[in-house]
Amino acid sequence: MKVTEKEVAHVADLSNLELTEDERSRMVRDLNSILGHIDRLNELDTSNVEPIGQVSDRSNADFDFASREDILEGLRKSLPQAEALKNAPDSDGTFFRVPKVIER
Amino acid sequence: MDLKSLTIDAARSAVQERKITAVALAESFYAKIESDDPQIGAYLTLSKDRALAKASEMDALAAKGEKLPALGGVPVGIKDVMVTRGVRTTAGSKILGNYIPPYDCTAVARMEAAGAVVLGKMNCDEFAMGSSNENSAWKPVHNPRDLSRVPGGSSGGSAAAVAADMAIVTLGSDTGGSIRQPASFCGVVGLKPTYGRVSRYGLIAFASSLDHIGPFGKTVKDAAIVLQTIAGRDPMDSTSADIPVPDYVAELEKPVRGLKIGVAKEYLGEGLDPEVRSAVADAVEKLSKLGCEIVEISLPHTEYAISAYYIIATAEASSNLARFDGVRYGYRADDAKTLSEMYRRTRDQGFGAEVKRRIMLGTYALSAGYYDAYYLKAQKVRALLTRDFDEAFKKVDVIVTPTSPTAAFKLGEKIDDPLAMYLADIYTVTANIAGIPGISVPCGETKEKLPIGLQILGKHFDESTVLRVANAYEQGRS
């Protein structure tokens, strides 16, 4: 498989990245080099192998994923509004403020 | 006070017995940082107020004759990917350059509850992505043993600070070797626990199924004491395991005679530096002399680990890093007219080259048409790699390998060749893929006086045996 300029532009779009022209051509080179190595995975026959996404259940440990009681306040209280907005690049004191979403 | 030989117990006893105050101890570490860190670059942010407040608290306890907790008055450093309330946390990235977290990472909170004095935040590769610390948006870290060389990555600052006596112990994070490899390069001890042993709450996520928090120290015992402090169930992380935490320090004393130590040929193949190979062979010989039984084993899928790892890690990263959009915190590009333009410019300007590369690779691997060929395939190979360890651990108690195929390389040597940089992680990514614990302990030096690391891998939640073998090796050697 060979990644083209066009695919890099498409993936950048999916990733919410713009990338300069220089970055794009370097990305084509780097992704092809890395994927060239990764393609060796195809040497392995995995037709009868179940994929695993995480390893937590492999050690017989007692995890309680998504099984706790619903608690009104959550495990910890929510941050006060002022504190939640403190790191915002732009806010009006009540909401996060962002550039216009809908074009008219 | 001589900072060089200072361990946790020595520092805590000195404060307990009023030979030095915790405040004076912290001040002497800050003096050392001020004089030496400009050449090394291990710290990104100092948290003096917070450190001195905790130190005073410990001094007050000691003055009243009360017993100090395990890390009472001990100066520590925290990798800058763990959030600290009120103390700038950047993850080594411009996109979080002005971020002041409103809460504490559980591991950090547990360190402080045990009396640790947090000196500051340690330099690292941006979002923990890198093997040389050269991807920090702020400055590179120089290896204290040879300033022209990298300290390893991504927890380069955490490793270098311990090696250069600018903290007694530090916390790092390890997604593919980011604790063990820099420990090896800097000549210190670095431990990656089992997945689920230490809460990830407050760790800025890179790849959630592979990320781990763990300690650096000068000795195995110090690593054991820190693990003891930070391990255990945390309701804020549903992947943290609810199983008892053993007394790791007591476990260190158990004999290693009769333990079965696996040596896998796949970890001693092509690309392994001859000096590293011979140091590891010597280490195996020493373990055998200590009464361990050496068993040859095979981990047949090892050569595919890097490929599977860099698909899974980047796929998870591409999802985790979607949150950095310039809306709620961090950097925002100020020249955008629309929301979409704002997202793109913020991320373009805020992320460095390696982070963009990984977001792109991960998004590509998850995108329509490639998901089965890359992401699903990698998850199947993950199952094969995990099975390799399951089979091996039916025959042996621990597995020993080199931590890294070479000693520390030069700054700039691999920065233009991302694949070469990735391949340097060959011996460490497997433990993240399988979620098993692993430690790197110093095992000699090259002719150029560069440290070499021995990696010891163990069964899930069997840090005790890993630490015990590491400790026996460390003590037997001295």
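Calculation notes
- Residues numbered from 1 in each chain as written.
- Chains lettered and ligands numbered in written order.
- Predicted model: local features only at pLDDT ≥ 70, side-chain atom pairs only at ≥ 80, totals over all residues.
- Helix = DSSP H or I, 4+ residues; strand = E, 2+ residues; numbered from the N terminus.
- Buried ≥ 20, exposed ≤ 12 C-beta atoms within 10 Å, placed from the backbone.
- Pairing = 2+ DSSP bridges.
- Axes fitted to C-alpha atoms, helices over the stretch in contact; angles between N-to-C directions.
- Contact = placed C-beta atoms within 7 Å.
- Expected span 1.5 Å × (residues − 1).
- Arc of directions from axis to C-beta.

Visitor: What is the right way to read the overall build of chain A from this model?
Guide: Per the secondary structure count, chain A includes three helices and zero strands. Starting at the N terminus, the α and β elements of chain A follow one another as α-α-α. A buried classification covers 15% of the 104 residues belonging to chain A.

Visitor: When you look at the sheet that holds strand E8 (residues 293-297) of chain B in this model, what are you seeing that I'm missing?
Guide: Sheet strands line up and pair through hydrogen bonds in the backbone, either parallel or antiparallel. All names here are of chain B. Judged by pairing direction, the sheet is mixed, and its 11 strands sit side by side in the order E1-E3-E2-E4-E6-E5-E10-E11-E9-E7-E8 without closing on themselves. Each end of this open sheet is capped by a strand with a single partner; those strands are strand E1 (43-46) and E8. Recorded for the sheet is a direction-independent mean angle of 30° between the axes of neighbouring strands. Looking at chain direction, strand E7 (residues 260-264) and strand E9 (residues 398-402) are connected through three bridges and run parallel. Note that in E9 the partner of Ile 261 across the bridge is Val 398. Together, E7, E8, E9, strand E10 (438-445) and strand E11 (451-458) form the strand contacts of helix H9 (residues 274-289), whose direction differs from that of E10 by roughly 105°.

Visitor: What am I meant to see in helix H7 (residues 220-230) of chain B here?
Guide: Summarising burial for H7 of chain B: 11 of the 11 residues are buried, a large majority. Once H7 of chain B ends, the next one or two residues include Gly 232 of chain B, with phi positive near 115°.

Visitor: Please explain helix H2 (residues 21-38) of chain A as it appears in this structure.
Guide: Each full turn of the α-helix corresponds to 3.6 residues, which orients residues three or four apart in the same direction. Between its first and last C-alpha, H2 of chain A extends 25 Å over 18 residues, near the 26 Å set by a 1.5 Å rise per residue. Within H2 of chain A the residues assigned to the buried category are Met 27, Asp 30, Leu 31, Ile 34, Leu 35 and Ile 38 of chain A. In an axial view of H2 of chain A, the angular spread of the buried residues amounts to 125°, which keeps them on one side of the axis. In H2 of chain A, those exposed residues whose orientation departs by more than 90 degrees from the buried face are Glu 21 and Asp 22 of chain A. In this structure, the buried side of H2 of chain A is in contact with helix H1 (5-14) of chain A together with helix H10 (305-320), helix H12 (353-366) and helix H14 (418-423) of chain B.

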